[in-house]
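So the chains spell out like this:
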Amino acid sequence: MPIKNLLKHRRISQWIVNSINNGHFKPGDKLPSEHALAEQFDTSRQTVRHATEELVQRGLLARQRGSGTYVCGTAFQEGYTPKRIGVITTYLDDYIFPGIIRGIEDVLTSQGYSISLGITHNRHTDETACMNRILEDNVCGLIVEGTKSSFPSPNLPLFEELRSRGVPMVFLNGYYREFSQCGVFQDDVSAGKLLTEHLLENGHRKFAAIFKADDLQGLKRFEGMSLALTEAGIPIDDQRILWFTTEDIPDLFSGEMDSFVLKRLGDATALLCYNDQIAAAITELLKRNNRSVPEDISLVSFDNSPLAADMAYGFTSAIYPSAEIGNAAAKLLLRCIRDNTLREHVRLAPDICYRSSVRNLADET
């Protein structure tokens, strides 16, 4: 955010706090609309929303869907525990994550809950900071996408502390083995299997893949690929399976490792990519080396993000229903709040969006 807007954001939030403290806004009062506040402070509605969102997270304000933003009626009473839900995701403002947050927010705000949001960037240190803040915020529930979910987590004691307080947790996309009771997931195994079967149906027999090793999704998507190839009687060539972690991405696709990546792909005619971001990076790598999709290698991916659309790269991609995932996670958490003994996994069946990134070799033989 530009510095000018950041200063306005702080000025707006401070004005609201001062107006509450001096009695101008009383518990239950509705704030002026975002449009009215934007005109008052000569700024954008986005800046106003940043200002009010900070106060929502602190429990001073609450959003009511279709109605507006209100001063919390009991937020200042001693001993009051606000209806605040912690939400921790790896990223926030791009790719599939706005849809997830929107799906969560639509459900929770309609029930009078506010959201305390934390972003980890898939780093354990950031997750530590987020969990410490969640513990301080005295939330009544947590929706969390675990950091590096396929690896042992150093933050398990923080999650255990939250559980000891009786706070229910719902995990997204992956989970820590010790906290696997409730979660909402795309069926990544089935998605990987469907994409592989699509390549098989198009005559492909030489497969390569690039998957993320530090997230459970990467392991599950590889599992689906393995199942399909085993059923087809095609052995997996380990040389053509490239695993990476979050920290590897900048170096892997900087251009300096192109020869290494191409050597690993070998003579494969089909490539499965961990997600659309990796598929886009691989496509650019191929272009730098005078190779193209699907003429030289067919490519499929996961998430069906805007990157996969025809106007971008045109990938065949497994659909990730981000808003539906967020919506289901919020509803599951509300059920857990009512019944803290609930143990439930919601697993959404995958679907595929077929585009032009797969060459039909079957018709060429």
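The following paragraphs examine the structure supplied in this document. As the structure is a prediction and not an experimental result, all values here were calculated from the model.

1. Concerning the overall build of the chain
Then step 1. Looking only at helices and strands, the chain features 12 helices and 14 strands.
Then step 2. Expressed along its principal axes, the backbone C-alpha trace of the chain runs to roughly 80 × 50 × 35 Å.
Then step 3. In the chain, which comprises 365 residues, the share counted as buried stands at 53%.
Then step 4. Considering only contacts within the chain whose residues lie at least 6 apart along the sequence, 74% involve residues at least 24 apart.
Then step 5. Carbon and sulfur atoms form 50% of the exposed surface of the chain, whose accessible area is close to 16,700 Å².
Then step 6. The positive charge centre, built from 39 side chains, and the negative charge centre, built from 47, are 5 Å apart in the chain.

2. What about the sheet that holds strand β11 (residues 298-303)?
Then step 1. The sheet built from 6 strands is open, its strands ordered β9-β8-β10-β11-β12-β14 with mixed pairing. Sheet topology places β9 (241-244) and β14 (352-353) at the edges, where each strand pairs with a single neighbour.
Then step 2. Contacting β8 (207-212), β9 and β10 (270-273), helix α10 (residues 258-265) crosses the sheet at an angle of about 135 degrees to β9.
Then step 3. Seen against the sheet, helix α11 (residues 276-288) touches β8, β9, β10, β11 and β12 (316-319) and runs at an angle of roughly 150 degrees to β11.

3. Topic: the side chain of Thr245
Then step 1. Structurally, Thr245 can be placed in the loop between β9 and α9 (249-252).
Then step 2. By relative accessible area, which is 19% here, Thr245 ends up buried.
Then step 3. Among all residues touching Thr245, those that are not within four sequence positions of it are Phe151 and Asp214.

4. Description of the nonpolar core
Then step 1. In terms of nonpolar packing, the biggest core is built from 41 residues, with Phe207, Ile210, Leu271 and Ile282 touching the most fellow members.
Then step 2. Of all the secondary structure elements, the ones that give two or more residues to this core are α7 (188-201), β8, α8 (216-231), β9, α10, β10, α11 and β11.
Then step 3. With 6 residues, the top contributor of residues to this core is α11.
Then step 4. What Ile282 contacts, discounting residues up to four positions off in sequence, is Ile210, Phe253, Val261, Leu271, Cys273 and Leu299.
Then step 5. Among the nonpolar cores identified, the runner-up in size contains 30 residues, and Ile85, Val107, Leu108 and Tyr320 belong to it.

5. Observations regarding the pairing of strand β4 (residues 114-119)
Then step 1. Of all 6 residues making up β4, 6 are buried, and the element is well covered by its neighbours.
Then step 2. With burial as the criterion, each face of β4 is covered, one bearing Ser114, Ser116 and Gly118 and the other bearing Ile115, Leu117 and Ile119.
Then step 3. Of the strand pairs in this sheet, strand β3 (residues 84-89) and β4 are connected by 6 bridges, and their pairing is parallel. Across the sheet, Ile85 pairs through a bridge with Ile115, a residue of β4.
Then step 4. For the segment spanning β3, helix α4 (residues 97-110) and β4, crossover handedness is right-handed.

6. A short note on the pattern of salt bridges
If charged atoms from side chains of opposite charge come close, those side chains can pair.
Then step 1. The final tally for this structure, using the stated rule, is 24 salt bridges.
Then step 2. We note a salt bridge from Glu53 to Arg63, for which the minimum N-O separation is 3.0 Å. Highlighted residues: Glu53 in helix α3 (residues 45-57) and Arg63 in strand β1 (residues 61-64), separated in sequence by 10 residues. For the residue pair Glu53 and Arg63, the accessibility class agrees, reading buried in each case.
Then step 3. Residue Arg335 is joined to Glu344 by a salt bridge in which the shortest nitrogen-to-oxygen separation is 3.1 Å.
Then step 4. Where salt bridges share partners, they join Glu34, Arg45, Arg49, Glu53, Arg63 and Glu105 into one cluster.

7. Structural notes on the pairing of β9
Then step 1. Where β8 and β9 come together, 4 bridges link them in parallel fashion. Residue pairing in the sheet places Lys212 in a bridge with Phe244 of β9.

8. So, the environment of Gly66
Then step 1. Turning to its location among the elements, Gly66 is positioned in the loop between β1 and β2 (68-71).
Then step 2. Residues Gly66 and Asp258, 192 residues apart in the sequence, show an inter-C-alpha distance of 51 Å.

Thresholds applied
- Residues numbered from 1 in each chain as written.
- Predicted model: local features only at pLDDT ≥ 70, side-chain atom pairs only at ≥ 80, totals over all residues.
- Heavy atoms only, no water.
- Helix = DSSP H or I, 4+ residues; strand = E, 2+ residues; numbered from the N terminus.
- Buried < 20%, exposed > 50% of the residue type's maximum accessible area, 1.4 Å probe, protein only.
- Contact = heavy atoms within 4.5 Å.
- Areas by Shrake-Rupley, 256 points an atom, 1.4 Å probe, with all protein chains shown as cover.
- Lys, Arg positive; Asp, Glu negative; His and termini not counted.
- Charge placed at Lys NZ, Arg CZ, Asp CG, Glu CD.
- Pairing = 2+ DSSP bridges.
- Axes fitted to C-alpha atoms, helices over the stretch in contact; angles between N-to-C directions.
- Core = buried A, V, L, I, M, F, W, Y, C linked by side-chain atoms within 4.5 Å.
- Right-handed = clockwise from strand over helix to strand, strands pointing away.
- Salt bridge = Lys/Arg side-chain N within 4 Å of Asp/Glu carboxyl O.

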